[in-house]
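What the coordinates show
Here's the letter readout for the chains.
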Amino acid sequence: MSQTEIKNAEEERKTSLGKVYLVGAGPGDPGLLTLKGKGLLECADVVVYDALVSPQILAMINPQAEKIDAGKRMGRHSLLQEKTTQLLIDKAQTHAIVVRLKGGDPFVFGRGGEEMQDLVQAGVSVEVVPGVTSGIAAPAYAGIPLTHRDYSSSVTFVTGHEAAGKYRPKVNWDAIAHGSETIVIYMGVHNLPHIVAELYQAGLKDETPVALIRWGTRPDQEELVGTLATIVEQVEVAQFGSPAIVVIGNVVQLHGVLH
Ligand SMILES: C[S@@+](CC[C@H](N)C(=O)[O-])C[C@H]1O[C@@H](n2cnc3c(N)ncnc32)[C@H](O)[C@@H]1O
């Protein structure tokens, strides 16, 4: 056998029997799960799911399926990332349909890209099923259109949790403040004082409207609306915690009108 044939045979052997579907569960409201995602949950053999996935969506899972909670929250990792990926690789050797269920969209600050890379490298077939991301859905349910011809013609989605891993480059807040009329921040509550300071430095004004939407699209959705000058204190006073989306820009003014 030539070196190429040996390599091909090895590749073939590595190829798993099953397939992993990286499915976006949406932000909370079970009605926002896609039909494709629902269909996969109903026929899955194994489902590995994250903490932010709603109980109503978990209830859609095939009753015969093995359900594994891989949820992780800030400071508490119930299953480490490498372990989760290895688990998916292992399950794909013995099961036909393995669903990796993630909150929102798997490729938007959900580490779906990293997981898919590892699975592809391990020879596992994998497909992504996009979900409705919280950065779009939570503002929508709060009556905040991210673009509106009278208020904003650009939007940036950005992480507020810069220190989470080496792979995340430092956010260029100055460029974002100058280049985007609406800023949507994921994982930004904890770092809000730092973010606000950076945006001031970039030239944003005291009166720039800011909204926080917590548990967006769920029945217990909460909102906090203020300005760059007031929001940090408001968050402290209200003890407003995660998970929340922060929206900054003039579109926030529509909250009072459309909500
Ligand atoms: C690790 S990121 C995952 C984002 C997810 N992949 C998505 O597309 O929505 C977690 C962050 O998403 C935001 N988030 C997720 N679900 C949310 C919800 N229902 N309401 C508000 N923010 C949410 C919060 O900023 C939270 O800290």
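For the structure itself, look to the data block above.
This section reports on the structure supplied with the text. For clarity, every value in this text was computed on a predicted model and none was experimentally measured.

**Looking at the sheet that holds strand β10 (residues 209-214)**
If you trace the five strands from one edge of the open sheet to the other, you get β8-β9-β12-β10-β11, paired in mixed fashion. Of all the strands in the sheet, the pair left with one neighbour each is β8 (155-159) and β11 (222-227). Taken pair by pair, the neighbouring strands of this sheet meet at an average axis angle of 20°, ignoring direction. Relative to strand β12 (residues 244-248), strand β9 (residues 182-186) is paired through four bridges, and the arrangement is antiparallel. Counted as the bridge partner of Val184 is Val247 from β12. Running at roughly 75° to β12, helix α6 (residues 134-141) makes contact with β8, β9, β10 and β12 of the sheet.

**Some thoughts on the side chain of Thr133**
One can find Thr133 in the loop between β7 (125-129) and α6. Exposure remark for Thr133: the relative accessible area of 10% places this residue in the buried category.

**Topic: the packing of aromatic side chains**
As enumerated under the stated definition, the model contains two aromatic pairs in all. Relative to Tyr186, the ring of Phe109 has its centre 4.9 Å away and its plane inclined at 55°; by these criteria the two rings are tilted. Taken together, the residues Phe109 in the loop between β6 (97-102) and α5 (112-121) and Tyr186 in strand β9 connect sequence positions 77 residues apart. In this structure Phe109 comes out as partly exposed when scored by relative accessible area, which is 34%. Through pairs of rings, three or more aromatic residues link up here, namely Phe109, Phe157 and Tyr186. The lysine or arginine in question, Arg218, covers the ring of Trp215, its NZ or CZ lying 3.9 Å from the ring centre.

Cut-off values and rules
- Residues numbered from 1 in each chain as written.
- Predicted model: local features only at pLDDT ≥ 70, side-chain atom pairs only at ≥ 80, totals over all residues.
- Heavy atoms only, no water.
- Pairing = 2+ DSSP bridges.
- Helix = DSSP H or I, 4+ residues; strand = E, 2+ residues; numbered from the N terminus.
- Axes fitted to C-alpha atoms, helices over the stretch in contact; angles between N-to-C directions.
- Contact = heavy atoms within 4.5 Å.
- Buried < 20%, exposed > 50% of the residue type's maximum accessible area, 1.4 Å probe, protein only.
- Phe/Tyr/Trp six-rings, centres within 6.5 Å; stacked < 30°, edge-to-face > 60°.
- Lys NZ or Arg CZ within 6 Å of the ring centre and 35° of its normal.

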